[in-house]
Amino acid sequence: MMLSNALRRLRKAPLFGVGLFVLYLMLMAFLASLGLSMMGIALTNVSIAAFCLFLFRGDFDLGSVVSPNYFSVGFLCLLLWLAVSETAGVFYRYGLATPLHVDNFLFYVVCSVIFAPLGEEFLFRGVLFRLFRNRYSFAVGTFVSTVLFAVSHGAVLQIYVGVVLGLCLCVLYETTGRLLLCVLFHACYNLLSMAPFSGISGGNVFLAVMLNGCLFLFFICLFLKASRYNHNRKEIDTYEKRC
């Protein structure tokens, strides 16, 4: 009984999520030191997804609420891809980053589209975001999980991608309560990002700023819409309980 209670409290502690994140980085670094960079990504993400699923089974549902509008989700993914592609074009144009080159492209695709979305969504949205969101607020959960998600990707361009992708995934999880939808969204974005495309104009700063501005506004609209729905739903639930 005492062990069960301790485990229950541990599963609700935000710092436990941070510890899991540190373990994730250490395992990734250890496997990379053995020369297993791509294999390390696959093994680490599969392991972290399995561990989170085992330890937090039944806890991933946020209890929200809105059936996903798949047109909006698809549009968000497309807008995200366009904004990131144009921004990447700016980075490449001014020598702030270089395009990624991989030896085994097929294995890279499998890792990016299957293993990475699984492990990262279970850890960063399913555990970190949810724990900090439940203990503090949506804003705190989004900030912590997005910063750690971005930092885990290392390079400057990848940190930017981690921030905008992390924000989109947090609001998607908050508004739908469906972690698997986040996994699917993440996988679709990673697949799109592999297309040989460096922006509509090949790296126009003004266009990059405009696309990122549109992405942010769309992000805010989705969140406000869901917030109003959740607020009204809570009022209805409270009224029904009183009656």
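Attention here is on the structure that accompanies the text. On a predicted model such as this, the values are computed, not experimentally measured, just so you know. (Residues numbered from 1 in each chain as written. Predicted model: local features only at pLDDT ≥ 70, side-chain atom pairs only at ≥ 80, totals over all residues. Heavy atoms only, no water.)

### As for the overall build of the protein
Then, in step 1: Helices and strands together make up the secondary structure of the protein, namely nine helices and zero strands.
Then, in step 2: Scanning the protein from its N terminus toward the C terminus, one meets helices and strands in the order α-α-α-α-α-α-α-α-α.
Then, in step 3: Evaluated residue by residue, the protein yields a buried proportion of 43% over its 243 residues.
Then, in step 4: Across the protein, every contact between residues at least 6 apart in sequence was considered, and the portion connecting residues at least 24 apart equals 81%.
Then, in step 5: Total accessible area on the protein is roughly 13400 Å²; 70% of this is exposed by carbon and sulfur atoms. (Helix = DSSP H or I, 4+ residues; strand = E, 2+ residues; numbered from the N terminus. Buried < 20%, exposed > 50% of the residue type's maximum accessible area, 1.4 Å probe, protein only. Contact = heavy atoms within 4.5 Å. Areas by Shrake-Rupley, 256 points an atom, 1.4 Å probe, with all protein chains shown as cover.)

### Section: helix α3 (residues 37–55)
Then, in step 1: Between its first and last C-alpha, α3 extends 27 Å over 19 residues, near the 27 Å set by a 1.5 Å rise per residue.
Then, in step 2: Within α3, burial applies to G40, A42, T44, N45, I48, A49, C52 and L55. (Expected span 1.5 Å × (residues − 1).)

### Some words on a nonpolar patch on the surface
Then, in step 1: On the surface, L27, F30, L34, L36, M39 and L43 cluster together into a nonpolar patch covering about 520 Å² of accessible area.
Then, in step 2: Broken down by secondary-structure element, the contributors of at least two residues to the nonpolar patch are α2 (14–33) and α3.
Then, in step 3: Mapped onto the elements, F30 comes out in helix α2. (Patch = residues over 30% accessible without salt bridge, like charges linked within 9 Å, V, L, I, M, F, W, Y side chains within 5 Å. Salt bridge = Lys/Arg side-chain N within 4 Å of Asp/Glu carboxyl O.)

### Overview of the pattern of salt bridges
Then, in step 1: For the coordinates displayed, the defined rule picks out two salt bridges.
Then, in step 2: The salt bridge partner of R125 is E121, with a shortest N-O separation of 2.8 Å. Of this pair, R125 and E121 both sit in helix α5 (residues 105–135), four residues apart, which is roughly one turn of the helix. Considered together, R125 and E121 belong to a single accessibility category, that of buried residues.
Then, in step 3: Salt-bridge contacts for E174 lead to R133; the nearest nitrogen and oxygen are separated by 2.9 Å. Pair noted here: E174 is in helix α7 (residues 156–176) and R133 is in helix α5, with a separation of 41 residues, a long-range link.
Then, in step 4: The exposure class assigned to E174 is buried, which follows from its relative accessible area of 8%.

### Considerations on the side chain of E121
Then, in step 1: Exposure remark for E121: the relative accessible area of 0% places this residue in the buried category.
Then, in step 2: Of the polar contacts made by the side chain of E121, one reaches the side chain of H186; its length is 2.6 Å.
Then, in step 3: Dropping the residues within four chain positions of it, E121 is found in contact with A116, G126, L169, L179, C182, V183 and H186. (Polar contact = N/O pair within 3.5 Å; in protein donor to acceptor, adjacent residues only side chain to side chain.)

### A short note on the packing of α5 against α7
Then, in step 1: Their axes nearest at 11 Å, the elements α5 and α7 cross at an angle of 65°. When the axes of α5 and α7 are compared, the pair comes out roughly perpendicular. Read as a crossing pair, α5 and α7 show a hand that is right-handed. Across the interface between the two elements, E121, R125, G126, F129, R130 and R133 of α5 pack against G166, L169, C170, Y173 and E174 of α7.
Then, in step 2: Of the residues belonging to the contact of α5 with α7, the class tally is four nonpolar, two polar and five charged. (Axes fitted to C-alpha atoms, helices over the stretch in contact; angles between N-to-C directions. Parallel < 35°, antiparallel > 145°, perpendicular 65-115°, else oblique. Left-handed = near helix turned anticlockwise from the far one by under 90°. Nonpolar A, V, L, I, M, F, W, Y, C, P; charged D, E, K, R; others polar.)

### Here we look at the packing of aromatic side chains
Then, in step 1: Using the criterion set out here, one finds nine aromatic pairs in the structure.
Then, in step 2: Centre to centre, the rings of F124 and F149 are 5.2 Å apart; their planes meet at 65°, and the pair counts as edge-to-face. Taken together, the residues F124 in helix α5 and F149 in helix α6 (residues 138–151) connect sequence positions 25 residues apart.
Then, in step 3: An aromatic cluster of at least three residues, connected via ring pairs, comprises F21, Y24, F124 and F149. (Phe/Tyr/Trp six-rings, centres within 6.5 Å; stacked < 30°, edge-to-face > 60°.)

### A look at the environment of S85
Then, in step 1: Mapped onto the elements, S85 comes out in helix α4 (residues 70–93).
Then, in step 2: Since its relative accessible area comes to 6%, S85 is described here as buried.
Then, in step 3: When the C-alpha atoms of S85 and V161 are compared, they prove to be 9.7 Å apart, with 76 residues separating the residues in sequence.

### Some details on the side chain of T87
Then, in step 1: Looking at where T87 falls in the secondary structure, it is placed in helix α4.
Then, in step 2: Polar side-chain contacts of T87 include one of 2.7 Å to the backbone oxygen of A83.
Then, in step 3: Setting aside residues up to four positions removed in sequence, T87 forms contacts with Y160, A208 and N212.

### Remarks on the nonpolar core
Then, in step 1: Ranked by internal contacts, the top residues of the largest apolar core, which has 51 residues, are L80, F124, F185, Y189 and L215.
Then, in step 2: Mapped by element, the contributors of at least two residues to this core are α2, α3, α4, α5, α6, α7, α8 (179–193) and α9 (205–242).
Then, in step 3: Among all residues touching F185, those that are not within four sequence positions of it are V73, L76, C77, L80, L165, C168, L169 and L172. (Core = buried A, V, L, I, M, F, W, Y, C linked by side-chain atoms within 4.5 Å.)

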